[in-house]
Amino acid sequence: MKRTLCTLAAAATMAMVAGNANATVRMKLAHNLAADHPTSQALQHFAEEVAEKTDGEVKIKLFLNGVLGSEREVLEQLQNGAVDMTRVGASSLENFNPVYQAFTLPYLFESEEAFYQVMEGPVADKIYQASADSGFVGLTFFDGGARSFYTKEKPINHPDDLKGQKIRVMNSHTSIRMVELMGGTPTPLAYGEIYTALQQGVIDGAENNPTALTLGRHGEVVKYYSFDEHGRIPDFLVISNKSLEKLSDEQEAIVREAARNATAFHKEVWQAAVAKAVVEAEEKLNVQISYPEKDAFRKAVMPLYDEYRKDPAIDALVGEILAAQ
């Protein structure tokens, strides 16, 4: 009888272990972009690949359009366990590790090709671990696009053209100082306020990638877009340390591989989206596109490098990024 009870107990224990091994891991992935945005499409691709390759044992639910809050708010939810993953811009990660400020420096990357060359190498792997002490790590990156100036009254083909121009910028020290150094008047505003501010003359222009002209409808108000390409700030897909611990070694390997594949998928759809935006802006919205020489713009912002590279950690990262191109 005793042996029978022991056998039954052992069988029950094994069943529980097996049951737990096959239990579905459900994760929440939140960010603030719309479902039709290329990055959202890439994240959907990521979630579908993870579900398929884990035979449904890991399911990732997407929460888009900022329904769970701003980038900062979602990062806080990530830390307290309410959210498992999020796509977030490097500028929002500055609050967790100042080394991310390096990515906001203008003209850090020579080109789109140089950007991918750096971000697919050992520099990025090191950055993914920079927030580990804050409770989360990086899985992959996405191209946030090259940022350029667009204006209502005249093209910005030289820093001198920014004099007297009120330019909307992100509320970040780097963006504000960059426009100041180029001779313009930086005006921090939320992205959702740009259209009305342009319409009402509160600002004379803004800076962003070309999709802002079409998806953001800013091309209805501005008439000039100048490809000075002063910034290329990456987005990162991050996961909380606790959520990573829920996964088996095999599941974690699948999640990491799917994340890298999502970046490859995003690269294709993003380039197509930018090309489409430029054509639509020119042909449907009558926006005049120009391609200015960049040397004067680069020279104007060099003091920012002197300021930021006083921090040894930022100096080291900037040095690695420049050397890797």
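Everything below is about the structure shown above.
A quick note: this is a predicted structure, and the numbers were derived from the prediction, not measured.

Participant: Explain the environment of Gln129 to me, please; I cannot follow it from the model alone.
Facilitator: With respect to the helices and strands, the residue Gln129 is situated in the loop between α6 (122-128) and β4 (136-142). Take Gln129: its relative accessible area is 44%, and that puts it in the partly exposed class. Put simply, Gln129 and Leu139 are 10 residues apart on the chain and 9.4 Å apart in space, counted from C-alpha to C-alpha.

Participant: Hey, could you run me through unusual backbone geometry in this one?
Facilitator: In terms of backbone geometry, most residues other than glycine have negative phi values and most peptide bonds are trans. For Glu229, which is not a glycine, the phi torsion comes out positive at approximately 50 degrees. Mapped onto the secondary structure, Glu229 falls in strand β9 (residues 224-232). In this structure, Asn286 is a non-glycine residue whose phi angle is positive, near 60 degrees. Overall, the relative accessible area of 54% leaves Asn286 in the exposed class.

Participant: Quick question: what am I supposed to make of helix α7 (residues 173-182) here?
Facilitator: Every α-helix winds through 3.6 residues per turn, so residues three or four apart in the chain are directed the same way. Taken residue by residue, α7 has Thr174, Ser175, Met178, Val179 and Met182 as its buried positions. The arc that holds every buried residue of α7, seen down its axis, measures 125 degrees, which confines them to one face. Gly183 sits one or two positions beyond α7 and adopts a positive phi of about 105 degrees.

Participant: Could you clarify how one ought to interpret the sheet that holds strand β10 (residues 235-240) in this entry?
Facilitator: Note: strands within a sheet are paired through backbone hydrogen bonds, in either parallel or antiparallel orientation. The 5 strands are arranged β2-β1-β3-β10-β4 in an open sheet whose pairing can be described as mixed. Each end of this open sheet is capped by a strand with a single partner; those strands are β2 (58-63) and β4. With strand direction ignored, the average angle separating the axes of adjacent strands in the sheet is 25 degrees. Pairing geometry for strand β1 (residues 25-30) and strand β3 (residues 85-89), over 2 bridges, is parallel. Of the residues in β3, the one forming a bridge with Ala30 is Thr86.

Participant: So what exactly am I meant to see when it comes to the packing of aromatic side chains here?
Facilitator: Remark: the centre distance and the inter-plane angle together describe each pair of aromatic rings, the angle taken between the planes. Overall, the coordinates contain 11 aromatic pairs when judged by the stated rule. Relative to Phe115, the ring of Phe109 lies with its centre 5.1 Å away and its plane at 85 degrees, an arrangement referred to as edge-to-face. Neither residue differs from the other here; Phe109 and Phe115 are each classed as buried. Ring plane angle 85 degrees and centroid distance 5.3 Å describe the contact between Phe115 and Tyr116, whose orientation is recorded as edge-to-face. For the pair Phe115 and Tyr116, one class covers both residues: buried. By the ring-pair criterion, three or more aromatic residues cluster together here, those being Tyr100, Phe103, Tyr128 and Phe236. The ring of Phe115 carries the charged tip of Arg232 above its face, separated from the ring centre by 5.9 Å.

Participant: Would you mind showing me how to read the nonpolar core here?
Facilitator: For soluble globular proteins, the rule of thumb is that nonpolar side chains tend to be buried together. The biggest cluster of nonpolar side chains holds 49 residues, and the ones touching the most others in it are Phe103, Phe149, Met182 and Phe236. Counting 24 residues, the second-largest nonpolar core is a separate cluster that includes Leu29, Phe46, Val58 and Phe142.

Participant: How do you make sense of helix α2 (residues 38-53) when you look at a structure like this?
Facilitator: Helix length check: α2, at 16 residues, gives a terminal C-alpha distance of 22 Å against a target of 22 Å (1.5 Å per residue), a fit within 8%. Among all positions of α2, only Pro38, Thr39, Ser40, Ala42, Leu43, Phe46, Ala47, Glu49 and Val50 are buried. Once α2 finishes, Asp55 follows within two positions and takes phi at roughly 55 degrees, a positive value.

Participant: Explanation requested: the packing of α2 against helix α11 (residues 249-283) in the structure shown.
Facilitator: When two helices pack together, you describe them by how their axes are tilted relative to each other and by the distance separating the axes. Relative orientation of the contacting elements α2 and α11 amounts to 150 degrees, with a least axis distance of 8 Å. By the angle between their directions, the pair α2 and α11 is classed as roughly antiparallel. Crossing of α2 against α11: the hand is right-handed. Between α2, through Pro38, Thr39, Gln41, Ala42, His45, Phe46, Glu49, Val50 and Lys53, and α11, the contact on the second element is made entirely by Ile254, Val255, Glu257, Ala258, Ala259, Asn261, Ala262, Phe265, His266, Val269, Trp270 and Ala273. Here the residues of the contact of α2 with α11 sort into 13 nonpolar, 5 polar and 3 charged.

Participant: For this particular structure, what's the right way to read the pattern of salt bridges?
Facilitator: Should the charged atoms of two oppositely charged side chains come close, the side chains can pair. According to the stated counting rule, one finds 20 salt bridges in the structure shown. A salt bridge links Arg147 to Glu207; its shortest N-O distance comes to 3.0 Å. Pair noted here: Arg147 is in strand β5 (residues 146-151) and Glu207 is in strand β8 (residues 205-208), with a separation of 60 residues, a long-range link. On the basis of relative accessibility, which here comes to 11%, the residue Arg147 falls in the buried class. Of the charged contacts in the structure, one is a salt bridge between Arg217 and Glu220, with a shortest N-O distance of 3.2 Å. Assessed through its relative accessible area of 42%, Arg217 is described here as partly exposed.

Thresholds applied
Residues numbered from 1 in each chain as written. Predicted model: local features only at pLDDT ≥ 70, side-chain atom pairs only at ≥ 80, totals over all residues. Heavy atoms only, no water. Helix = DSSP H or I, 4+ residues; strand = E, 2+ residues; numbered from the N terminus. Buried < 20%, exposed > 50% of the residue type's maximum accessible area, 1.4 Å probe, protein only. Arc of directions from axis to C-beta. Pairing = 2+ DSSP bridges. Axes fitted to C-alpha atoms, helices over the stretch in contact; angles between N-to-C directions. Phe/Tyr/Trp six-rings, centres within 6.5 Å; stacked < 30°, edge-to-face > 60°. Lys NZ or Arg CZ within 6 Å of the ring centre and 35° of its normal. Core = buried A, V, L, I, M, F, W, Y, C linked by side-chain atoms within 4.5 Å. Expected span 1.5 Å × (residues − 1). Parallel < 35°, antiparallel > 145°, perpendicular 65-115°, else oblique. Left-handed = near helix turned anticlockwise from the far one by under 90°. Contact = heavy atoms within 4.5 Å. Nonpolar A, V, L, I, M, F, W, Y, C, P; charged D, E, K, R; others polar. Salt bridge = Lys/Arg side-chain N within 4 Å of Asp/Glu carboxyl O.

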